[in-house]
Amino acid sequence: MRTRIILALVVVMAAIGLADVTVPDAENVLKTLDRGHPRLFLKDADLAALKERAKTDPVLQKCVNDVIRQADRYVGRDPVEYRLIGPRLLQVSRDCLNRVLACSLAYRWTGEEKYARTALANMEAACAFKDWHPSHYLDTAEMTNAVGIGYDWLYATMDETTRQRIREGIIRHGLEEGLKCYGGVNDRKHWFVGSAFNWNEVCNGGMIVGALAVAETDRKYARQIIPGAVESLPRALKTYAPDGAWGEGPGYWHYATQYTAYGIAALRTALGTDFGLLDVEGLSKAGLAPIYLTGPTGMILSYADCGGKSRRRPMPCMFWLARVYDDPVIADAEHAVLAKGSAGPEHVIWYVPPVKSPLPARPLDKLFRGDVEVLTFRSAWEDPEALFVGVKAGYNQVNHGHLDLGNFELDALGVRWALDLGSDDYNLPGYWSGGKGGKRWSYYRLNSESHNVPLLAGRSQDPLAKSAFTKIRTGGEAPFVIVDLSQAYRPEAASTHRGVAMVANRKAVLIQDEFEIAESCPLVWGMTTEAEISIESDGSARLRQQGKELVARLLAPDQARFVAESAEQEPPQRTNKGVRRLVVRTQAAKGPMRIAVLLSPVWPDGAVGPVRVRSLAAW
């Protein structure tokens with residue numbers, strides 16, 4: 001029977017292109033277990049090597065000092081308390097992880113008992129909770145991860161009674177629930193096991209860490225959880241394919257990748273193998289996504305349920321990716337961000353020294369393929385005032401997706417001019433009802449009305465629509481992309497296409513939409529901005545923000561005009577205070593229709609004037 005199961009798994013893995021992943025046999029999975037502690041992420045020999053390096057590496061010492069300062073803030077605080085915020089315990093579990101990681105590492109680095117006492121107090125408080133909220137399994141997984149790391153790292157500081165108490169908490173609140181997820185007790189399999197998105201990596205990663213933390217005394221949990229997690233993880237890891245981006249947006253890229261790092265790093269340090277998970281297509285390129293999806297302003301391309309105007313912050317998983325794939329480009333990018341921000345404990349755990357030799361010049365343009373396609377263009381890398389535009393296509397039903405096919409965001413002169421407002425409150429009624437006619441699409445930030453896309457007949461895009469880039473030119477003075485949006489605007493339009501181009505030697509951006517409209521209907525073109533908008537006597541719009549200016553010129557149709565409108569909403573939705581919309585409205589569009597808008601930053605030598613409009617077919 002066991003042979004039949006293994007053969008079936010091999011067939012399944014091969015069918016989804018993951019034949020290099022080997023699901024371990026439950027009876028043999030712990031044969032290579034390192035029975036000592038600590039065995040997760042940072043063993044004592046690794047710590048000793050880091051301490052030696054820190055004597056001559058000021059960047060590493062800065063990272064360590066950042067962690068110790070973080071730990072000092074937790075010393076003397078009351079331990080974590082059970083508190084649901086909305087339907088979730090996540091803020092508590094994340095707080096617990098931050099406290100345990102920082103204080104445990106500070107103790108291991110300095111030997112000061114106050115840090116160990118603080119971490120243990122929080123772990124004991126968490127283990128005394130009535131549960132780790134298994135109805136929202138992310139909460140359970142994150143707390144299992146937090147307490148599992150602390151148990152492993154502080155094992156030698158605990159007496160046997162304390163060890164038993166914390167170990168029983170990990171098992172009772174975390175691993176027993178884990179058995180249910182992987183088809184054990186009551187055969188109740190949680191949906192994350194088959195998911196292709198962030199829940200998969202977070203829940204599997206947390207369960208791997210918890211199971212390996214107690215594996216020498218309570219082997220049955222690792223024997224079931226590790227094979228189950230290794231079988232499950234590739235379903236999500238393949239979402240990075242082929243180029244490393246993430247369909248749920250850059251915010252969830254970080255969340256998913258951080259827990260991918262926890263899970264795979266735990267396997268490698270405790271068992272000496274990753275079972276082929278590092279070979280899943282796309283994961284080796286994942287570190288490129290935060291690099292190219294960050295504009296010169298430091299703000300990320302905020303598609304899906306991402307925070308609007310989110311800035312690229314330090315991400316320790318970038319060091320992990322740089323280490324496991326020996327990629328200096330990823331390491332160098334993280335060092336650049338760390339130079340302006342604070343390091344976390346994982347930056348020390350997965351530390352990669354600064355790159356000394358010059359790196360090859362990065363391309364100015366980058367395509368990320370996948371269920372959600374993203375393409376970015378920029379005029380320069382090292383200039384914070386450079387021109388940048390990012391465009392997305394793909395599938396409106398992607399997890400955490402908005403009705404935003406063809407959306408763009410634009411940076412220039414150190415300002416984000418065209419922006420995505422990001423997510424709203426997850427606790428709004430029907431927020432997750434995303435099918436055709438779902439309540440989700442009644443919320444302004446999630447439907448098409450708030451995004452930088454057209455509307456036909458006053459309606460948002462079809463929630464079931466897919467789109468794709470059909471023509472791309474990268475490099476040179478005038479890169480462009482054309483995206484087929486036809487599914488998004490039916491039945492009003494038989495075909496819809498959007499072109500986004502950098503023009504005038506990458507000094508301005510042209511947004512050009514072409515429709516074949518079946519029945520006469522209103523057409524609206526819109527762009528969301530925080531800039532002040534004034535409509536000029538020549539029909540152009542002048543946007544002003546942070547002492548800088550951008551001129552929008554409506555090149556087609558001749559009879560249309562810009563208007564400025566408010567994007568503000570009433571509670572309980574987020575109010576978008578001070579946010580505006582640059583809008584073009586036509587009341588009776590029919591047949592072939594073109595809207596072309598030139599967005600020209602006012603550079604020191606002035607703004608780019610009107611450019612010649614050609615049909616997208618001629619691009």
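Scroll up to find the structure this text is about.
Structural notes, computed from the coordinates. Along each chain, the written sequence defines residue order, and numbers are assigned to residues from 1. With the structure being a predicted model, the display of local features is reserved for residues of pLDDT at least 70 and the display and counting of side-chain atom pairs for 80 or more, all residues being used for whole-chain, interface and lining totals. Side-chain measures were taken over the full set of non-hydrogen atoms in the model, leaving aside hydrogen atoms and water.

Attention now goes to the overall build of the protein. Strands are runs of DSSP state E lasting at least 2 residues, helices are runs of H or I lasting at least 4, and numbering of each runs from the N terminus. Broken down by element type, the protein carries 14 helices and 15 strands. In summary, the protein has a C-alpha radius of gyration of 26 Å against a globular reference of 25 Å for 619 residues, a match within 12%. Each of the three principal axes of the protein carries a C-alpha extent, and together these read 80 × 55 × 45 Å. Note on classification: 1.4 Å probe, protein chains only; a residue is buried when its accessible area is under 20% of the maximum for its type, exposed when over 50%, partly exposed between these limits. Counting across all 619 residues of the protein, residues that qualify as buried make up 60%. Working rule for contacts: check all heavy atoms of both residues, and any pair within 4.5 Å makes them a contact. Within the protein, residue pairs in contact and separated by at least 24 positions form 69% of the contacts whose partners lie at least 6 positions apart. For the radius of gyration, the atom set is restricted to C-alpha positions; the globular benchmark scales as 2.2 Å times the number of residues to the power 0.38.

Strand order in this open sheet of five strands is β1-β2-β3-β4-β5, and the pairing throughout is antiparallel. Single-partner strands in this sheet number two, and they are β1 (366-368) and β5 (415-418). The average undirected angle you get between the axes of adjacent strands in this sheet is 15 degrees. In this scheme, strands are said to pair when DSSP sees at least two bridges between them. Sheet topology note: the strand β2 (residues 374-378)/strand β3 (residues 388-392) ladder contains five bridges and is antiparallel. Residue L375 lies in a different strand from β3, and its bridge partner there is V391. Here the axes come from fitting lines to C-alpha atoms, over the contacting stretch only for helices, and the angles between their N-to-C directions go from 0 to 180 degrees.

What follows deals with the pairing of strand β8 (residues 480-484). Counting buried positions along β8 gives four out of five residues, so the element sits mostly inside the fold. Sheet topology note: the strand β7 (residues 468-473)/β8 ladder contains five bridges and is antiparallel. In the sheet register, K471 faces β8, and the bridge partner there is I482. What sits between β7 and β8 in their antiparallel hairpin is a turn of six residues, with G475 showing a positive phi close to 80 degrees. Where β8 and strand β9 (residues 493-503) come together, five bridges link them in antiparallel fashion. Within the sheet, the bridge partner assigned to I482 lies in β9 and is G499.

Locating P250 in the fold gives a position in helix α10 (residues 250-271). The class for P250 is buried, based on a relative accessible area of 10%. In sequence terms P250 and S310 are 60 residues apart; their C-alpha atoms lie 9.4 Å from each other. Ignoring sequence-local partners within four residues, the contact set of P250 consists of L293, I300, L301, Y303 and C306.

The omega angle of the peptide bond from H37 to P38 is -5 degrees, so this bond is cis rather than trans. Topologically, P38 is positioned in the loop between α1 (2-15) and α2 (44-54). Cis geometry marks the peptide bond from R490 to P491; its omega dihedral reads 10 degrees. Tracing the backbone through its elements, the reader meets P491 in the loop between β8 and β9. Phi is positive for L413, close to 60 degrees, though the residue is something other than glycine. Along the chain, L413 falls in the loop between β4 (408-412) and β5. The backbone phi angle of R506 is positive, close to 60 degrees, even though this residue is not glycine. Mapped onto the elements of the fold, R506 is located in the loop between β9 and β10 (508-529).

This part covers the packing of aromatic side chains. Note on ring pairs: Phe, Tyr and Trp rings are taken, using the six-membered ring of Trp, and paired if centres are within 6.5 Å. Classes follow the plane angle, with under 30 degrees stacked, over 60 edge-to-face and the rest tilted. Summed over all chains, the structure comprises 22 aromatic pairs. With 5.8 Å between their ring centres and 90 degrees between their planes, F319 and Y351 make a pair best called edge-to-face. Within this pair, whereas F319 is found in helix α12 (residues 316-324), its partner Y351 is found in the loop between α14 (345-349) and β1, the two being separated by 32 residues in sequence. One exposure class covers both F319 and Y351, and it is buried. Against the face of Y255 rests R94, its NZ or CZ located 4.9 Å from the ring centre. Two conditions define a charge sitting above a ring: the NZ of Lys or the CZ of Arg must be within 6 Å of the ring centre, and it must be within 35 degrees of the ring normal. A cation sits over an aromatic face here: R163 above Y155, 4.0 Å from the ring centre.

Quick look at a positive patch on the surface now. Taken together, the side chains of K471, R473, R612 and R614 make up a positively charged region of the molecular surface. Structurally, R614 is set in the segment after β15 (580-601). Under the relative-accessibility criterion, R614 is labelled partly exposed at 33%. Distance thresholds for patches are 9 Å for like charges and 5 Å for nonpolar side chains (Val, Leu, Ile, Met, Phe, Trp, Tyr), applied to residues having over 30% relative accessible area and no salt bridge. To measure how exposed things are, a 1.4 Å probe is used in the Shrake-Rupley method; for residues, cover is taken only from the protein chains shown. Any carboxyl oxygen of Asp or Glu within 4 Å of a side-chain nitrogen of Lys or Arg constitutes a salt bridge here. Positive charges come from Lys and Arg, negative ones from Asp and Glu, while His and the chain ends are left out of the count. Lysine's charge is taken at NZ, arginine's at CZ, aspartate's at CG and glutamate's at CD.

Looking now at the packing of helix α5 (residues 113-127) against helix α6 (residues 137-153). Contact geometry of α5 with α6 gives a least axis separation of 10 Å together with a crossing angle of 135 degrees. In terms of axis orientation, α5 runs oblique to α6. For the crossing formed where α5 meets α6, the hand is left-handed. For the pair formed by α5 and α6, the contact residues are M123, A126 and C127 on the first element and M143, V147, G150 and Y151 on the second. When an angle is under 35 degrees it counts as roughly parallel; over 145 it counts as roughly antiparallel; between 65 and 115 it counts as roughly perpendicular; any other value is oblique. Working rule for handedness: look at the near helix, and if it is turned counterclockwise from the far one by less than a right angle, call the crossing left-handed; if clockwise, right-handed.

Let's shift gears to the nonpolar core. By size, the foremost hydrophobic cluster in this structure holds 137 residues, and its most contacted members are F41, L212, I226 and W253. If one sorts the elements of this core by residue count, α10 sits on top with 13 residues. Once residues lying within four places of it in the same chain are set aside, the contact partners of W253 are Y240, G244, A245, W246, A286, G287, A289, P290, M315, C317, M318 and L321. Here the nonpolar core consists of buried residues drawn from Ala, Val, Leu, Ile, Met, Phe, Trp, Tyr and Cys, with membership extended through side-chain atoms lying within 4.5 Å.

Another aspect to go through is the pattern of salt bridges. Per the counting criterion, the structure on display carries 37 salt bridges. Its salt-bridge partner being E160, residue R163 comes within 3.2 Å of it at the nearest N-O pair. Here R163 and its partner E160 are both found in helix α7 (residues 160-181), three residues apart, which amounts to about one turn of the helix. Salt-bridge contacts for K436 lead to D462; the nearest nitrogen and oxygen are separated by 2.8 Å. Taken as a pair, K436 in the loop between β5 and β6 (455-456) and D462 in the loop between β6 and β7 lie far apart in primary sequence, 26 residues in all. Looking at K436, the relative accessible area reads 57%, which means it is exposed.

Turning our attention to helix α9 (residues 219-237). Every helix has an expected span of 1.5 Å times one less than the residues it contains. Between the first and last C-alpha of α9 there are 27 Å, a value that for 19 residues agrees with the 27 Å anticipated at 1.5 Å per step. By the largest-angle criterion, V230 marks the main kink of α9, which is about 25 degrees, and a proline, P234, follows within four residues. Here the bend at a residue means the angle between the axes of two seven-residue stretches, the one that ends at it and the one that starts at it.

On to the pairing of β3, then. Most of β3 sits inside the fold, with five of its five residues counted as buried. Burial along β3 is two-sided: F388, G390 and K392 facing one way and V389 and V391 facing the other are all buried. The sheet contact formed by β3 and β4 spans four bridges and is antiparallel. The partner of V391 across the bridge, within β4, is F408.

Before going further, it helps to examine the environment of P345. Within the secondary structure, P345 is located in helix α14. Distance from P345 to Q70, taken between C-alpha atoms, is 9.2 Å for residues 275 residues apart in sequence.

Any link to function would need more than the numbers given here.
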